[in-house]
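# Coordinates in review
Here's the letter readout for the chains.
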Amino acid sequence: MSYLVATFYQFVALSDYRQKQPEIQKYCQERGIKGTILLAAEGINATIAGNSLAIAEVISWLKTDTRLANLEVKESVCDYLPFQRLKIRLKKEIVTFGQPKANPLEKTGIHLKTEEWNQLLKEPDVVVIDTRNNYEVALGTFAGSLNPEIQHFRQFPEYIYDNFDRINNKKIALFCTGGIRCEKAAAFLLNQGFSQVYQLEGGILKYLEEVSPDQSLWQGECFVFDQRVALTANLEVGHYEMCPACGHPIDEKDKQSPNYQAGISCPYCS
């Protein structure tokens, strides 16, 4: 049996997000949905999995709220449920950034389709920045992109402050897994005075889904926050596993380390 994995987010004013939590919890539980849905006053952010009919019902039901009518969903298929349970969490932010003035509802970067993204990355005056965490970048990234080497997204502003003179007055191209972190990163850069800020629409997942390997500028695999660990072209499950102790992605090379103990620890634990 195969399962459908749906990833989506939307920045939208949800003043009643606390009231929506039990409604969404009940609707999803009745349909056997697993995964995580984050709710905040600024919107919704989710990755859920279930049979295709159940996922379609949930998405259609969410869209009956006119504020979520334009919800864009990225879908992939998995031969097992990549989540063990359902979590509907209330948050201050649907992606933690800690910069209240970086509001995607007020301003954000120029969204680029995958073909436009490829064209932009070939221009000589573009600075391409990976907004993800360091352990995500280690699995794969776009050729020539800068790695801020951050452990948490909220550290991204500090990287910009430290490298302001280096990247100022240039075109800035941002990307992340599904697009949500770029929304806030772009808003932050615009508030700092950057005028040419671009972001990959739909993120890496959309890119891997749409761009053929012979046209792709992506190198490696894309980390995802579920039991699939990483995805490759056409959103196929990659070859990484998750260390049960520390949660770090590991591959066959890591398993050859003397610090690796199957099911117990990995080189990153030590």
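Residues numbered from 1 in each chain as written. Predicted model: local features only at pLDDT ≥ 70, side-chain atom pairs only at ≥ 80, totals over all residues. Heavy atoms only, no water.

By the naming in an unreviewed UniProt entry, the protein chain goes by tRNA uridine(34) hydroxylase and is assigned to Microcystis aeruginosa. The UniProt entry for the protein chain carries the following comment under Catalytic activity (unreviewed entry): "uridine(34) in tRNA + AH2 + O2 = 5-hydroxyuridine(34) in tRNA + A + H2O". Recorded under Sequence similarities (unreviewed entry), the UniProt text for the protein chain is reproduced unchanged: "Belongs to the TrhO family." (UniProt positions renumbered as here; feature names shortened; annotations may be inferred.)

## Digging into the overall build of the protein chain
Looking only at helices and strands, the protein chain features nine helices and 15 strands. For a compact globule of 270 residues, the expected C-alpha radius of gyration is about 18 Å, and the protein chain comes in at 19 Å, within 12% of that figure. Referenced to the eigenvectors of the C-alpha coordinate spread, the extents of the protein chain come out at roughly 55 × 50 × 35 Å. Looking at the protein chain alone, contacts between residues at least 24 apart form 68% of all its contacts between residues at least 6 apart. Of the roughly 13200 Å² of accessible surface on the protein chain, 46% is carried by carbon and sulfur atoms. (Helix = DSSP H or I, 4+ residues; strand = E, 2+ residues; numbered from the N terminus. Rg over C-alpha atoms; globule rule 2.2 N^0.38 Å. Contact = heavy atoms within 4.5 Å. Areas by Shrake-Rupley, 256 points an atom, 1.4 Å probe, with all protein chains shown as cover.)

## Considerations on the pairing of strand β10 (residues 197–200)
Of the two faces of β10, the one carrying Val-197 and Gln-199 and the one carrying Tyr-198 and Leu-200 are both buried. Relative to β10, strand β6 (residues 110–112) runs parallel, the two being bridged by three bridges. Note on β10: the bridge partner recorded for Leu-112 is Leu-200. The handedness of the strand β9 (residues 171–175) to β10 crossover, carried by helix α7 (residues 180–191), is right-handed. (Buried < 20%, exposed > 50% of the residue type's maximum accessible area, 1.4 Å probe, protein only. Pairing = 2+ DSSP bridges. Right-handed = clockwise from strand over helix to strand, strands pointing away.)

## Regarding the nonpolar core
It is characteristic of soluble globular proteins that their nonpolar side chains tend to be buried jointly. Within the largest apolar cluster, 28 residues are counted, with the highest numbers of intra-cluster contacts made by Ile-129, Phe-156, Ile-160, Ile-172 and Leu-174. Where this core is concerned, the elements lending two or more residues are β1 (3–11), β7 (126–130), α5 (156–162), β9 and α7. At seven residues, α7 tops the list of elements feeding residues into this core. Structurally, this core is a two-domain feature, drawing no fewer than three residues from each of domain 1 (3–90) and domain 2 (110–219). Leaving out residues up to four positions away in the same chain, Ile-172 has contacts with Val-127, Ile-129, Ile-167, Leu-189, Phe-194, Gln-196, Val-197 and Tyr-198. In terms of nonpolar packing, the next biggest core, distinct from the first, is built from 24 residues, Leu-4, Ile-37, Leu-86 and Ile-88 among them. (Core = buried A, V, L, I, M, F, W, Y, C linked by side-chain atoms within 4.5 Å. Domains from an automatic or database assignment.)

## Quick look at the packing of aromatic side chains
Within this structure, the stated rule accounts for 16 aromatic pairs. Their ring planes at 20° and their centres at 4.4 Å tell us that Phe-97 and Phe-153 sit as a pair that is stacked. Note that Phe-97 is positioned in the loop between β5 (86–90) and β6 and Phe-153 in the loop between β8 (140–142) and α5, a separation of 56 residues in sequence. Its relative accessible area of 5% is what places Phe-153 among the buried residues. Pairing Phe-223 with Phe-225 gives two aromatic rings, centres 4.9 Å apart and planes at 90°, and the pair type is edge-to-face. Three or more aromatic residues joined by ring pairs form one cluster here, namely Phe-97, Phe-153, Phe-156, Tyr-159, Tyr-161 and Phe-188. Just above the ring of Tyr-27 sits the side chain of Arg-31; from NZ or CZ to the centre is 3.5 Å. (Phe/Tyr/Trp six-rings, centres within 6.5 Å; stacked < 30°, edge-to-face > 60°. Lys NZ or Arg CZ within 6 Å of the ring centre and 35° of its normal.)

## Details of the sheet that holds strand β3 (residues 43–50)
Spatially, five strands are ordered β4-β1-β3-β2-β5 in an open sheet, and the strand pairing comes out mixed. The outermost strands of the open sheet, each flanked by one partner alone, are β4 (73–78) and β5. Each neighbouring strand pair of the sheet contributes to a mean axis angle of 10°, computed without reference to strand direction. Two strands pair when backbone bridges link them, and β1 and β3 are joined in this way by eight bridges, in the antiparallel orientation. By the bridge assignment for β3, Leu-4 is matched with Gly-50. Sheet strands touched by helix α1 (residues 17–29): β2 (34–40) and β5. Its angle to β5, the strand with the most contacts, is close to 175°. (Axes fitted to C-alpha atoms, helices over the stretch in contact; angles between N-to-C directions.)

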